[in-house]
Every structure is written in C-alpha cells, then in structure tokens.
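Spelled out from the first residue to the last, the chains are:
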Amino acid sequence: METYKTGTVNTIINENGVDLGSINVNLYTMDNKTSVIDIHIKKKNIINENQEYISVNFNQTKFEPVLHVFAQDGSIFTNEPLEIVKAEEGFVRYIIPEYITKHVGQMQCKLFLENPENNDSTHVANFYFTVNDSGITKSVGKEIRVELLDDIVEKVMKDNVDIFKGPKGDTGEQGPAGQDGKDGKNGINGIDGINGNPGPQGPPGRDGKDGVDGQDGSDGKSFDFESLTEEQKAEITPKLPDFSNWQQYQFTNSDGTRKWLGTLSQPIETLEPGLYECSIPSDYKSVNAPADPSGAGYIAEINVTKGQSGRKQIILTQSNRNNIWSKVIHTNGDDKGWTQLNPQSQKYKLTNDDGTNFYTGFGTTNLNNEDEIKKLPTGIRYITRVTGLPSDVSSNEGWLLKLTRSDSQLSTLYFQPYNSSQLLQRVTYNGLSEWRYINQASTDTGWVPLPLLNGAEADVYSDSYLPVSYRVRKTGDNKTVQIIGNIKKLNTGSVFAQLPLNITPTKNIEFKLNQRIGTSNAVGYLASDGTMKVVGAVEADSTYMINLTYMV
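Remember, it's a predicted structure, so these values are computed and weren't measured experimentally.

Chemist: Any chance you could break down the overall build of the chain for me, citing the residues and the numbers?
Modeler: Across its full length, the chain holds five helices and 34 strands. For the chain, with 552 residues in total, the buried portion stands at 31%. Residue pairs in contact within the chain that sit at least 24 positions apart in sequence constitute 51% of those at least 6 positions apart. Accessible area for the chain stands at about 37,300 Å²; split by element, carbon and sulfur atoms hold 48% of it.

Chemist: Just give me the short version of the sheet that holds strand β10 (residues 121-132), but keep the residues and values in it.
Modeler: Pairing in this open sheet of five strands is mixed, and the strands run β2-β10-β9-β5-β6 from one edge to the other. In the strand order of this sheet, the two ends are held by β2 (19-28) and β6 (76-80), each with one partner. Mean inter-strand twist for the sheet, computed between neighbouring axes without regard to direction, equals 20°. Bridge count between strand β5 (residues 64-71) and strand β9 (residues 105-114): eight bridges; the pairing is antiparallel. For Val 69, the partnering residue across the bridge sits in β9 and is Cys 109.

Chemist: Which residues make up the pattern of salt bridges, and what are the values?
Modeler: Within the structure shown, the criterion is met by 14 salt bridges. Its salt-bridge partner being Asp 38, residue Arg 93 comes within 2.6 Å of it at the nearest N-O pair. A residue pair is termed long-range when its members are at least 10 positions apart, and Arg 93 in strand β8 (residues 91-95) and Asp 38 in strand β3 (residues 35-44) qualify at 55 residues. With relative accessibility at 10%, the residue Asp 38 sits in the buried group. Among the ionic contacts, a cluster of salt bridges with common partners joins Glu 269, Lys 327 and Asp 335.

Chemist: Which residues make up the layout of surface pockets, and what values do they have?
Modeler: Any empty space left between atoms is shown by rolling a water-sized probe over those atoms. The computed volume of the second largest pocket comes to approximately 220 Å³. If you go around the second largest pocket, the residues you meet are Pro 390, Ser 391, Asp 392, Glu 434, Trp 435, Tyr 437, Lys 474, Asp 477, Lys 479 and Val 552. For the lining of the second largest pocket, the class distribution of residues is four nonpolar, one polar and five charged.

Chemist: Outline the environment of Lys 259, supporting the account with residue identities and numerical values.
Modeler: Within the fold, Lys 259 resides in strand β11 (residues 259-263). Sequence-wise, Lys 259 and Leu 275 are 16 residues apart; in three dimensions their C-alpha atoms are separated by 6.3 Å. Residues in contact with Lys 259, not counting those within four places in the same chain, are Gln 250, Phe 251, Thr 252, Asn 253, Leu 275, Tyr 276 and Glu 277. Within the structure, the side chain of Lys 259 is placed 2.8 Å from the backbone oxygen of Gln 250, a separation counted as a polar contact.

Chemist: Before we move on, can you summarise the nonpolar core with the specific residues and values?
Modeler: Ile 37, Ile 39, Ile 41, Val 69, Ile 100, Phe 127 and Phe 129 are the most contacted members of the largest nonpolar core, which totals 28 residues. Of all the secondary structure elements, the ones that give two or more residues to this core are β1 (5-13), β2, β3, β5, β8, β9 and β10. Ranked by the residues each element gives to this core, the list is headed by β10, at five residues. Sequence-distant contacts of Ile 39, that is, excluding residues within four places in its chain, are made with Val 9, Thr 11, Gly 90, Phe 91, Val 92, Leu 111 and Phe 127. If you look at the next biggest cluster of nonpolar residues, it comprises 24 residues, including Ala 497, Leu 499, Phe 511 and Val 538.

Chemist: Please provide a residue-by-residue account of the sheet that holds strand β13 (residues 298-306), values included.
Modeler: Strands sit in the order β11-β12-β13-β14-β15-β16 across an open sheet of six strands; the sheet is mixed. Taken across any chain shown, the strands that pair with only one partner, and hence form the sheet edges, are β11 and β16 (334-340). Strand-to-strand, the axes of this sheet are offset by a mean angle of 20°, without reference to chain direction. Looking at chain direction, β11 and strand β12 (residues 274-280) are connected through three bridges and run parallel. Considered in β12, the bridge of Lys 259 is made with Tyr 276.

Chemist: Summarise the packing of aromatic side chains; cite the residues concerned and give the values.
Modeler: Per the counting criterion, the structure on display carries five aromatic pairs. With 6.1 Å between their ring centres and 5° between their planes, Tyr 359 and Tyr 382 make a pair best called stacked. Of this pair, Tyr 359 sits in strand β17 (residues 358-360) while Tyr 382 sits in strand β19 (residues 379-383), placing them 23 residues apart in sequence. Judged by relative accessible area, Tyr 359 falls into the exposed class, the value being 58%.

Chemist: Explain a nonpolar patch on the surface residue by residue, including any values.
Modeler: A cluster of nonpolar side chains, namely Val 460, Tyr 461 and Tyr 465, defines an oily patch on the protein surface of about 350 Å² accessible area. Structurally, the position occupied by Val 460 is in the loop between β27 (457-458) and β28 (469-475). For Val 460, a relative accessible area of 31% corresponds to the partly exposed category.

Chemist: Quick rundown of the pairing of strand β34 (residues 543-551)? Include the residues and the values.
Modeler: In the sheet, strand β29 (residues 478-488) pairs with β34 via nine bridges, with the strands oriented antiparallel. Within β34, the residue paired with Gly 485 across the bridge is Ile 546. When strand β31 (residues 509-515) meets β34, the two strands line up antiparallel, connected through two bridges. Across the sheet, the residue bridging to Asn 514 is Met 545, located in β34.

Chemist: Tell me about unusual backbone geometry, and please be specific about residues and values.
Modeler: Of note in this structure, Ser 408 is not a glycine but carries a positive phi near 65°. Along the chain, the position of Ser 408 falls in the loop between β21 (398-404) and β22 (411-417). Even without being glycine, Lys 489 reaches a positive phi, approximately 60°. Relative to the helices and strands, Lys 489 resides in the loop between β29 and β30 (495-498).

Reading guide: rules and limits
Position numbers for residues start from 1 in each chain and track the written sequence from start to end. Side-chain atom pairs in this predicted model are given and counted only at pLDDT of 80 or more, local residue features only at pLDDT of at least 70, and totals for whole chains, interfaces and linings cover all residues. Based on all heavy atoms of the structure, the side-chain values leave hydrogens and waters out of the count. Working definition: helices are DSSP H or I runs of at least four residues, strands are E runs of at least two. Numbering for both runs from the N terminus. Burial status follows relative accessibility: with a 1.4 Å probe on protein chains alone, a residue under 20% of its type maximum counts as buried, one over 50% as exposed, and anything between as partly exposed. Note on contacts: a residue pair qualifies if any of its non-hydrogen atoms lie within 4.5 Å across the two residues. Only the protein chains shown count as cover for residues, with accessible areas throughout obtained via the Shrake-Rupley method and a probe of 1.4 Å. When DSSP finds two or more bridges between a pair of strands, those strands are recorded as paired. Helix axes are fitted only over the stretch in contact, all axes being lines through C-alpha atoms; the angle between N-to-C directions runs from 0 to 180 degrees. Should a side-chain nitrogen of Lys or Arg be within 4 Å of a carboxyl oxygen of Asp or Glu, the pair is scored as a salt bridge. Think of a 1 Å grid over just the protein atoms. A cavity is a set of points where a 1.4 Å probe fits yet cannot get out, a pocket is an open set with protein on both sides within 12 Å along at least five of seven lines, and lining residues have an atom within 4 Å of a point. Grid points are joined across faces, edges and corners, and a volume is the space filled by probe spheres set on the points. Polar here means any residue other than Ala, Val, Leu, Ile, Met, Phe, Trp, Tyr, Cys and Pro, which are nonpolar, and Asp, Glu, Lys and Arg, which are charged; Gly is therefore polar. In protein, a polar contact requires one atom able to donate a hydrogen and another able to accept it; more generally it is a pair of N or O atoms within 3.5 Å, and residues adjacent in sequence count only if both atoms are side-chain atoms. Buried residues of nine kinds, namely Ala, Val, Leu, Ile, Met, Phe, Trp, Tyr and Cys, make up a nonpolar core once their side-chain atoms join them within 4.5 Å. To pair, rings of Phe, Tyr and Trp, with the six-membered ring standing in for Trp, must have centres within 6.5 Å; the planes then decide the type, stacked if under 30 degrees apart, edge-to-face if over 60, and tilted in the middle. Each patch groups residues whose relative accessible area exceeds 30% and which form no salt bridge, using 9 Å between like charges and 5 Å between nonpolar side chains of Val, Leu, Ile, Met, Phe, Trp and Tyr.

So this is what it looks like as structure tokens:
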C-alpha cells in the first residue's frame, strides 16, 4: 500500500478531558487505502513529582488500543484494525479502509485502551476527520458493523426485558430434592449490650467481734553513733566516689577566677597551661606581647593550652580595647607570631583609619630609582618632594598611589599633581617603564611659519593664503606633525628648512615636491636632525608645493 495522506494525533491520558476535536485531516471518497492516521499515546508519569508525560509501552502492559468510528450518516464501525508501529513508544497507525471513505461527512473517532483479560479500560481520546465527496462516486447508505450490532442488541434486550418477555408457561412438576449444602461458617459475635442499672443496696451486715489484745513489749533503750559497733558504723556510712581519676591540674583559682600574675615578667609563651590575668608592661617586647597602639601598658586575660611535641596555643585579650590576639607555638618551639582575630581597623592600611591619605612631608623620593620605588609601601599617600617626573608635569607635589602584586615582582605607580588633572602611570617589572599620561589633554600649536634657509622663500598668491608652515597636534604621548605650503628658489642638494628638534622624526623621511605650475617634481627628504633638503633636480624660478604629515 502506498501512502499519500497522513494525519497525526498526539494523545495524553489524563483527567483534563479527552476531546481533541478536528485533527485537520480532509479526505475524499476516492481516497481508497492511501491514507493513514498516526496516533501517539502518552500517559502521566506518576513517579516523577514534576508534570511529565511518558509514552505508553505496549510491551509492558496488557492493555490494547481499540478504535470505534461513527460516521455523520449514522454508520457505525467498531474495533477498527490498528497497527502497532513502535510498541515501546506508544505509536499505533490506523490505515483508513475503503469502506470508511465511501461515507461523506465527519468521522467521529473514539480511542480506548482495553484489557482483553478483564473489563479494565480507559477512554483515551475523541477526535474527528472529514470525508468529502469526490463527485464521481455513488453515495452509500447507512451501515453498521456486526461487532457492535451484537452488543447493541444485547443491551437493548437487557434494558427492555418486559417488552421481549413471552407469555408465562404452565407450572412444571417439582424436581427431586437436592443434597443438603454444607454448613456455613459461624458469623461474627455481636457487640456486647450496654450494662444495666445497679440494683438496690442490701442491708448492712453485723459487726465482727473484737480481737484479743497482744502482750505489752519491753521498754526500748536510746543509743548514739558511738555506741554502734564498727560493722554497724560501716553499714550506715555513705560511700563516696573514687576521686583518684578526677582532674588534678587547676586552670583557675578554686573560686573559678583567673590566676593573677601581677606585672608579667616572663615571655608569654613560657607560661604553663592555665587561665591568667596580668598587666602587660609598656616594654611589651620584653614579654613578647602585642603592642598597644599608644605604646602604653595594659591589662590582659591570657588563655594557655598545651599539646604534644611542644605545641601551644595562646589567646590574649587586651581588656581596655577588646583586641583579641592569637599565637601558636608549633612543633619543637616554632613560634608563628601574633595574629589579631578581631582587628578594629584595616588589617593592612591603604589609608589612615578615617580614610584620609598618608602624608609624606620629609625626605626626597626619586621615582626614577627602582629600589626606592620598591621600598614605598602599598597604598595612597600625599607626597611633597618627588624627583624623576616628566618635565611637563604641573607640580612635583601631589598624590601617589602604589599597587603591588602578591609576589612583589610587579607594581604600578600613579601620580597626580595637586594643581592639575594630569594623571601619570609607571610600571615596575624587570625595570622601569616610561611615564605615561593617562588623561593628558590634547594640544595644538596652530600653524607656525617654517624656518627657511639658503635663500629659499615662501611663495603665496596673495596675503589671504597660508605661507609654508608646520603644525603640531599632541594627544597623550603621540605627536602628529603636518607641513604644507609653496616654496620657491630651491637648489638641488641644498638644505632649505630646519624644524625644531622636539618634533623631528626618529628616522629620515622621503617626500615629493610637486611643481605648482607644470608637471615636473623633485624628491626631498626630512632628516632625523630636522633638516629638509632637495635631492632631485629642480627648475629655476619654479615654485614647488609641499604636503607632508608624520608622527613622532
């Protein structure tokens, strides 16, 4: 069979409804066995908490797809054959037979999953497609497939028993008595009834006779602890626990207070384990204690614990400032030094604690000396005596920022004069880089007359024309020089102009001199010393034009 028309139905078995409506398939009465409907059946994945649908795997279930078709003209076709294309993907195919496409109109389809071993089933989907009249076939009448007709007849007869019941026949003879059936099992005991009301109280009984009095005992004697025997004393004396394994090393005084040491006179790391309080002298180095910022002595609480192989941990609290310090003595007396656990300010200061810059107002700092730069601390400072800056910096006083990489092999300096917005940068890495202006404003000299030599003269048509001139534009470290104009009285091999040395090129530059009136030209060159010279032959009494631009 060849297929020319295909429709697709994607179904999901859930509680939201089964009506899919039109599947956008339009067939004609001449479409005989050339059309199919591919049906993909999915169900909700109840194992996954997320909203997810998975394909029905017909290899893992006893349910089978069943399709019934109801034509618009009343024809009914049940149990239409379905081909399972991919069982594990829930993919089935309905090859539309010729007897379906003979009926014009909507074809209402109902898809079920049924278990042939019992009556379990689920309604999967309702959908419809349309068959149109090709105009060359005969119309067919209403038809009902037998598979469904039997079910309909049975249902009608069951629902209308009285209509189809015949007249009552004569009573027949009584048949022989059947054998007695087996006794049924005993039923479950019933619930106990509610207790009845109590009966009336009976008359009181007679009093019993008094018993015979016993004989009087002898008088007891008083006693004290000393009158007891040793065995009796041992029996009534409480037994105390064994104190031999209790802690015998006191970390504090008996009342729980710290041990007071007075003014500490020994290095802290030599203290034995315990909880101490003492006065740290102003000469804090003599006892290896942390320093007070003001250089004064202070009261300290010290906790000392001891481990194996000479290891110790020391916690010192500076009472008046609530500064807490820690020190570790590692194996074999390896002193790791003090570390502040709760710094009240910057651990490494880039500025003063209030955010203002450091101030260096004494000595001279040479920023051309790499060794001096390495000694400068990282951070921001205002500095007043600086050498090694470019000559055009507006002042040698201002702010200096130093940034340093963790291995100290690379650092960057930034300098800003106090009286301008200039910002300079220099890098130290295997030597010093040149200073670089980061935000230097652009400068422009304007047109400056070119200094002419050896009889050369500027030639202009009138005073409204620019004589031969040069111009310098500077942006940051870059300079652009432009020379334009007309020159006469040039001689071959003769120097005709001299530029200032601060705008000369690093290497010689060749350029062309074009005849102003005429077609000849000559070669000239600008030397690195600023001299401009004619190299090629020039015509006497001719004017030559120059237009040269280069960067320094």
